[in-house]
Structure formats: C-alpha cells, structure tokens
Amino acid sequence: MLVHALVREDGTVAADELYDVAGTLGMSDQQVRLCIKRLVAEGRFTHEGRGRKAELHATPDTLRDLAPGADFLRHAFHQDAGAAPWDGVWHLAAFAVPESARAARDALREALVHLGGAPLQGGLYVSANAWEPYVEEAAHRLGAHGGLTLLTTTDLRRGDTREPVELARELWPLAEIADRYHRLDRVAGPRLDRLTGPAELSPAELLTLAVELTAELTRAMEPDPLLPPELLPRPWPGTLARERIARCWAALYTRDRGEARPALFRRYAEITREAADRATR
C-alpha cells in the first residue's frame, strides 16, 4: 500500500520519499528494503540505483491493477450523489471448474468475493452491480472462462426471503462493513483538520497523510460490495466517511505543489471533483 500510494504520474517511486514516509509511519529501513525486494521479485516493479537514490518503476501490469480501485471509488461516489440508482437487477455468476484446476477455482472464488459478490450456494455468487466485465476479465486471466456462466434476474429468492433489503442484510456483513467506515471517519477527521488548518505541512508530511488516508480507505472499501443505497440502512456511514475523505483529497491536492505529484493525488482529486459536480447538477 505504501509503495502503491507513492507511484507518481510517470509510474516511478522515489526511494528517498519512500524511506521518509515509511519512517514517519514507524517502519524501519529494513522493512522497506524487504518490501522493495519482494515487489521486484514478483515482477511488480523494476529497480534502478541503490539506497535512497534508487528509483522504482511500476510495470504495466501494476499500473493496470491500480485502475479498478479508482473505478470502484468513482462508482461509490456516484452512488452517494444519487447518480447510480438501482434498477432492481441482480447479477449472478456461476462457475464449474474441475478439481484438476483447483488453484484457478479458488482464485476465481476469491476474485468474485473481492468484486463484491456474495455466495448463494456452491459455485454461485450474486452482486447488485453490473460486474460482468470485471468477472470475465478475472476468469480469462485465470483460464477459467470456459466454465463461467453469467445471468441476471429481478426475481431472486433465498429460502423464504425475496425482499431486496432483507436479502442484502442476509447476504452481506453490513454491520462489519459499517464499522470499518466509522473507523475511516475517525481517522479522516483529525487529518482533515490538519490539512485545512493554518500550519504549513512539508512534502513528507503530506505524503504521510495521503498514505494513512489511502490505507484506511482501502481497509473500508475492499470488503464493501458497494450495494446501491436502496439496499442499505439509513443513514449509511460510508456516505459520510467518503464525503470527509473527498474533502481531505481536495485539500491534499491544493496543498501539494510538487512537480512529481503521486498519481493518486490527481486520480482521487478528479474522482471527488466529479462527484461534487454531479451532486450540484
């Protein structure tokens, strides 16, 4: 998360910034070195130079993997602004992968849950969002597309439950997801105060705040299926937390004047600006 948060517009990460921010967050230089070594070994980054003068270069796959998170965040803000009303359609994905391809089967199951799917029964998952492009991409990547079936319905029943709000409450751990957003709001509040206060903040401090906010936002949103507001309890803490996060990103973008701004500064600022524009229209 730390390394990804510091990827600049040109796909590079400056090692001196990485070590400085890591130190502020209580991480040792040895932890950073081991992290870099692992990312390079996994083919996620290439590495040039030594020590604090080194520079990491994100591979095309790594840059591509950063995009879906932005897509989901954009969708969440659209939902918060009332710009993505639910059409009442449930999206289902079923798969039949042989035992000989167990690794692919397990990975596809994990991908469906990561994309917000809830298991209905063995090999059958449901989402309230149009997730088909992401599901198919994962199945193709894992070599399991031939065993994938996609369908939609407006008549979903599970046992005696068919009312959509009740189904959502049964299928997804909404209380746990709400608790993560309460935590995000508690983290974002004091950082927003710092960002909008009169005190000057150094580039390292701004980067540290960005990493802290990104980590908590990821913690809250990764397990969130992004259910339409029509299916959620009211008020939903995710809406308030994301509104505060949007203000944080706007303040971060305004304060940062460096030419090598991390890509997430621009990406998140653009998303929150889009959300604000939709809300005012």
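Further up the page is the structure itself.
Residues numbered from 1 in each chain as written. Predicted model: local features only at pLDDT ≥ 70, side-chain atom pairs only at ≥ 80, totals over all residues. Heavy atoms only, no water.

Participant: Looking at this structure, how should I read the overall build of the protein chain?
Facilitator: From N to C terminus, the protein chain includes 11 helices and 7 strands. With respect to the principal axes defined by its C-alpha atoms, the protein chain has extents near 60 × 50 × 30 Å. Across the 281 residues in the protein chain, those meeting the buried criterion constitute 44%. As presented, the protein chain carries roughly 14,600 Å² of accessible surface, and 51% of it is formed by carbon and sulfur atoms. (Helix = DSSP H or I, 4+ residues; strand = E, 2+ residues; numbered from the N terminus. Buried < 20%, exposed > 50% of the residue type's maximum accessible area, 1.4 Å probe, protein only. Areas by Shrake-Rupley, 256 points an atom, 1.4 Å probe, with all protein chains shown as cover.)

Participant: Got a minute to help me understand the packing of helix α2 (residues 15-24) against helix α9 (residues 203-221) in this structure?
Facilitator: Between two packed helices, what matters for the description is the angle formed by their axes and the separation of those axes. Running from N to C, α2 and α9 cross one another at 65 degrees; their axes reach a closest spacing of 9 Å. Taken together, the axis directions place α2 and α9 in an arrangement best described as roughly perpendicular. Along this stretch, α2 crosses α9, giving a crossing that reads as right-handed. Side by side, α2 and α9 meet where Glu17, Val21 and Thr24 of the first sit next to Ala204, Leu207, Thr208 and Val211 of the second. (Axes fitted to C-alpha atoms, helices over the stretch in contact; angles between N-to-C directions. Parallel < 35°, antiparallel > 145°, perpendicular 65-115°, else oblique. Left-handed = near helix turned anticlockwise from the far one by under 90°. Contact = heavy atoms within 4.5 Å.)

Participant: Just to check I follow, could you spell out the sheet that holds strand β4 (residues 90-95) for this structure?
Facilitator: To summarise the sheet geometry, strands pair through backbone hydrogen bonds and adopt either a parallel or an antiparallel arrangement. Here 4 strands make up an open sheet; going across it, the order is β5-β6-β4-β7 and the pairing antiparallel. The strands lining the two open edges of the sheet, one partner per strand, are β5 (118-121) and β7 (148-153). Averaged over all adjacent pairs, the angle separating strand axes in this sheet is 30 degrees, with direction ignored. As paired elements, β4 and strand β6 (residues 124-127) share 4 bridges and run antiparallel to each other. The partner of Ala94 across the bridge, within β6, is Leu124. (Pairing = 2+ DSSP bridges.)

Participant: What should I look at first to understand unusual backbone geometry in this one?
Facilitator: With the exception of glycine, the majority of residues adopt a negative phi angle, and the majority of peptide bonds are in the trans configuration. Cis geometry marks the peptide bond from Arg234 to Pro235; its omega dihedral reads -5 degrees. Position of Pro235 among the secondary structure elements: in the loop between α9 and α10 (237-255). The backbone phi angle of Leu226 is positive, close to 55 degrees, even though this residue is not glycine. Along the chain, Leu226 falls in the loop between α9 and α10. What makes Leu226 buried here is its relative accessible area of 8%.

Participant: Teacher, can you tell me more about the pairing of strand β3 (residues 55-58) here?
Facilitator: A regular strand places its side chains so that they alternate between the two faces of the sheet. Along β3, the buried face is formed by Leu56 and Ala58; none of Glu55 and His57, which line the opposite face, is buried. Of the strand pairs in this sheet, strand β1 (residues 12-14) and β3 are connected by 3 bridges, and their pairing is antiparallel. Within the sheet, the bridge partner assigned to Val13 lies in β3 and is Leu56. Note that strand β2 (residues 45-48) and β3 share 4 bridges and pair antiparallel. Bridging from a neighbouring strand, Phe45 pairs with Ala58 of β3.

Participant: Looking at this structure, how should I read the packing of α9 against α10?
Facilitator: Axis separation between α9 and α10 bottoms out at 11 Å; the angle between their running directions is 155 degrees. In this view, α9 runs roughly antiparallel relative to α10, as classed from their interaxial angle. Seen from above, α9 lies across α10 with left-handed handedness. Here Leu206, Ala210, Leu213, Thr214, Leu217 and Met221 of α9 lie close against α10, whose contacting residues are Arg242, Ile245, Cys248, Trp249, Leu252 and Arg255. Looking at side-chain class alone, the contact of α9 with α10 contains 9 nonpolar, 1 polar and 2 charged residues. (Nonpolar A, V, L, I, M, F, W, Y, C, P; charged D, E, K, R; others polar.)

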